[in-house]
Amino acid sequence: MNDAFLRLVRSVANSRFLMISALLHVLIVLLFGGTVLFNKYVEPPDFQAEGGDFLTPADTSAAPAPEESQTMPSMSVVAPTISAPTASLSALTSINPSAVAFSVPVAPSVAPTISTNLAEKLAGGPSASSAKTGAASQLPGTMAGRGSGKRAATLAQNGGKITSEQAVMNALRWLQKTQNPDGTWGSKFKGAMTGLALLCYLGHGETPASSRDFSVVVDKAINALVGAGVKAQGHLMFKGNVFLYSSDVYEHAIAAYALGEAYTMTHDEKIAPVLTQAIDYIVKGQRADGGWYYRYDTGPERPDEKGKGFVQSDTSVSGWQIQALKAAHLTGLPFDGINGVLDNAMRNLDRVFTPKDSSYGYRKSGDHPPTLTGVGVLCKLFWQGKPDKMVRDSLKALEGVNVKYGSPDAHLYAWYYDTQACFLAQGGSWDRWNRMFQDEIVTHQSPDGSWPPTGGRENGAGMNDAANADGLVYRTTLCALMLEVYYRYLPTGKDSAAGPAKPSNL
């Protein structure tokens, strides 16, 4: 027994270091294990703030409301990642970052996808080397009212109300919801409807690079018009590369008008070649008398194909060509012959002027009700800047127009021109018109942001039908453009390079 005990003592003595190590490890495990269990059940979690509010560990401030989700068209180049800014910044409306044109709110935490061309610009890619820089990237004086920090002040200065601006925003949101997946609007007349809708967004200062709410909408619309032009060699009516129908000349000019404004406001170089081709058709389609006719017919005066008159320049057709040419002139791009073409167009307007009632005729003097008077006045003020005697007399004639949305005499097409004509003239003509038209248009807007049929008639098949998709876009865009008149085009001189001119005393 004693021998066995002695052997055990010797064994323990020989392994004393192993035993001591085992005891120390047991003590360490017990010590640290107890600490962890104590913290778990006694200390509060590290993501609980004082007062009991719980916040995400990586963020201690309320997250910004994200931009309304929109889907961009497919693209061949992936846009670069753009860090969301934390303060206001000037919009990149050209490659020159010093150009101030629009105010941009704080962007959402995830940057929206943008077109390939804009992605190249933001990344300083290939498009940057060919884009214009310097003073040309700033808005011309006549378009400056829609620019950065100026729209609200210009609206108030020119007699606009907050209700008008709210109606415009409601219209823009309705157009946003009704845009076709391919970036167009309408069905039968996509070129015209897309052009009119895009003009509404641009008139409100919305561009792909500056708009928080509508950047994707505007980008898709520009891409749709450019794509149509590329596919059809500059024809912008989504119907091929031949002007076959009477409506084609309207559609082409309205779409070219929108692309002209789009280039001036973005300097997106993909627009330039298509716009150049489109304007070339208008320049070459001018008739000898200075106006334009269906299908850009430049042949001699002769009985028309329906035997209802003669092939002569059409004042309604000419009005859209003149607006498109003026927009092209403001881009600063080197278009050949625009000044001479517009000068000739003014002579054609003089040709159809009717001294008896100071109206502008349809194809000749005195051959149409005075619904085209605003066309003549606007186009003359657009290009000449100052009113001549014919314009002054016509403005007095417009005092006989009564704006009642539900009346049989309601005519949005005429009012679109009359509103701009009176605004550019300023003075008493504008004061009277503004008192009459503003509330009438605003109060007749539908709850969804569109405008219903008027009590009268509108130009074109179905333009006043409640169920006609093109007619709904047509009425909504014309009304929105009327309510944007306070800042869309300011009364300036011919070249519109300086600030607003002094109001006339008409």
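Cut-offs and rules
Residues numbered from 1 in each chain as written. Predicted model: local features only at pLDDT ≥ 70, side-chain atom pairs only at ≥ 80, totals over all residues. Heavy atoms only, no water. Helix = DSSP H or I, 4+ residues; strand = E, 2+ residues; numbered from the N terminus. Areas by Shrake-Rupley, 256 points an atom, 1.4 Å probe, with all protein chains shown as cover. Contact = heavy atoms within 4.5 Å. Polar contact = N/O pair within 3.5 Å; in protein donor to acceptor, adjacent residues only side chain to side chain. Expected span 1.5 Å × (residues − 1). Bend = angle between axes of the 7 residues up to and from the residue. Buried < 20%, exposed > 50% of the residue type's maximum accessible area, 1.4 Å probe, protein only. Salt bridge = Lys/Arg side-chain N within 4 Å of Asp/Glu carboxyl O. pLDDT = per-residue confidence, 0-100. Phe/Tyr/Trp six-rings, centres within 6.5 Å; stacked < 30°, edge-to-face > 60°. Lys NZ or Arg CZ within 6 Å of the ring centre and 35° of its normal. Patch = residues over 30% accessible without salt bridge, like charges linked within 9 Å, V, L, I, M, F, W, Y side chains within 5 Å. Core = buried A, V, L, I, M, F, W, Y, C linked by side-chain atoms within 4.5 Å.

Some thoughts on the overall build of the protein
And step 1. What the protein contains, in helices and strands, is 18 helices and four strands.
And step 2. Of the roughly 23,600 Å² of accessible surface on the protein, 58% is carried by carbon and sulfur atoms.

Observations concerning the environment of Thr154
And step 1. As for its position among the elements, Thr154 is in helix H5 (residues 151-157).
And step 2. Placed 333 residues apart in sequence, Thr154 and Tyr487 show a C-alpha to C-alpha distance of 5.8 Å.
And step 3. Aside from chain neighbours lying at most four places away, what touches Thr154 is Gly145, Tyr486, Tyr487 and Leu490.
And step 4. A distance of 2.6 Å separates a polar side-chain atom of Thr154 from the backbone oxygen of Lys150.

Regarding helix H16 (residues 427-443)
And step 1. With 17 residues, H16 ought to run about 24 Å at 1.5 Å a step, and its terminal C-alpha atoms sit 25 Å apart, in line with that.
And step 2. A maximum bend of about 35° is found in H16 at Asn434.
And step 3. All buried positions along H16 are accounted for by Gly427, Ser429, Trp430, Trp433, Asn434, Met436, Phe437, Gln438, Glu440, Ile441 and Val442.
And step 4. Structurally, H16 contributes buried residues whose contacts are with helix H6 (162-178), helix H14 (389-397), helix H15 (412-425), helix H17 (469-483) and helix H18 (485-488).

What about the pattern of salt bridges?
And step 1. Enumeration over the complete set of coordinates arrives at 18 salt bridges.
And step 2. As a salt-bridge pair, Lys239 and Asp248 come within 3.8 Å of each other at their nearest N and O atoms.
And step 3. Since its relative accessible area comes to 28%, Lys239 is described here as partly exposed.
And step 4. Residue class for Asp248 comes out buried when judged on its relative accessible area of 0%.
And step 5. When salt bridges that share partners are traced, they join Arg146, Glu261 and Arg488 into one network.

Some points on the confidence of the model for the protein
And step 1. Per-chain confidence: the protein averages 78 in pLDDT, with 69% of residues scoring 70 or above.
And step 2. Segment residues 34-137: pLDDT under 50, and 134 contacts once partners within four positions in sequence are set aside and those in other chains are kept.
And step 3. Contacts from residues 494-506, a stretch scored under 50 in pLDDT, to residues over four places away or in other chains number 33 contacts.

Observations concerning the packing of aromatic side chains
And step 1. Considering all chains together, one arrives at 16 aromatic pairs under this definition.
And step 2. Ring geometry for Tyr250 versus Tyr294: centroids 6.5 Å apart, planes at 45°, classification tilted. Note that Tyr250 is positioned in helix H9 (residues 248-266) and Tyr294 in the loop between helix H10 (271-284) and helix H11 (315-331), a separation of 44 residues in sequence.
And step 3. Over the ring of Tyr489 we find Arg146; its NZ or CZ atom is 5.1 Å from the centre of that ring.

Quick word on a nonpolar patch on the surface
And step 1. Where nonpolar side chains cluster on the molecular surface, the patch consists of Val242, Leu244 and Tyr245 and spans about 300 Å² of accessible area.
And step 2. When you line up the elements, Leu244 lands in the loop between helix H8 (215-231) and H9.

Here we look at the environment of Thr373
And step 1. Assignment of secondary structure puts Thr373 in helix H13 (residues 373-384).
And step 2. When residues no more than four places from it in sequence are discounted, the contact partners of Thr373 are Ser358, Ser359, Tyr360, Ser394 and Leu398.

Things to note about the nonpolar core
Side chains of a nonpolar character, in soluble globular proteins, are inclined to be buried together.
And step 1. Ile279, Trp320 and Phe437 are the most contacted members of the largest nonpolar core, which totals 119 residues.
And step 2. Looking at which element gives the most residues to this core, the answer is H9, with 12 residues.
And step 3. In contact with Trp320, not counting residues within four places along its chain, are Leu196, Tyr250, Ala253, Ile254, Tyr257, Tyr413, Tyr416 and Tyr417.

Thoughts on H9
And step 1. Between its terminal C-alpha atoms H9 stretches 27 Å, which fits the 27 Å expected from 19 residues at 1.5 Å a residue.
And step 2. Most of H9 is tucked away: 19 of the 19 residues are buried.
And step 3. With its phi angle positive at about 50°, His267 sits one or two positions after the end of H9.

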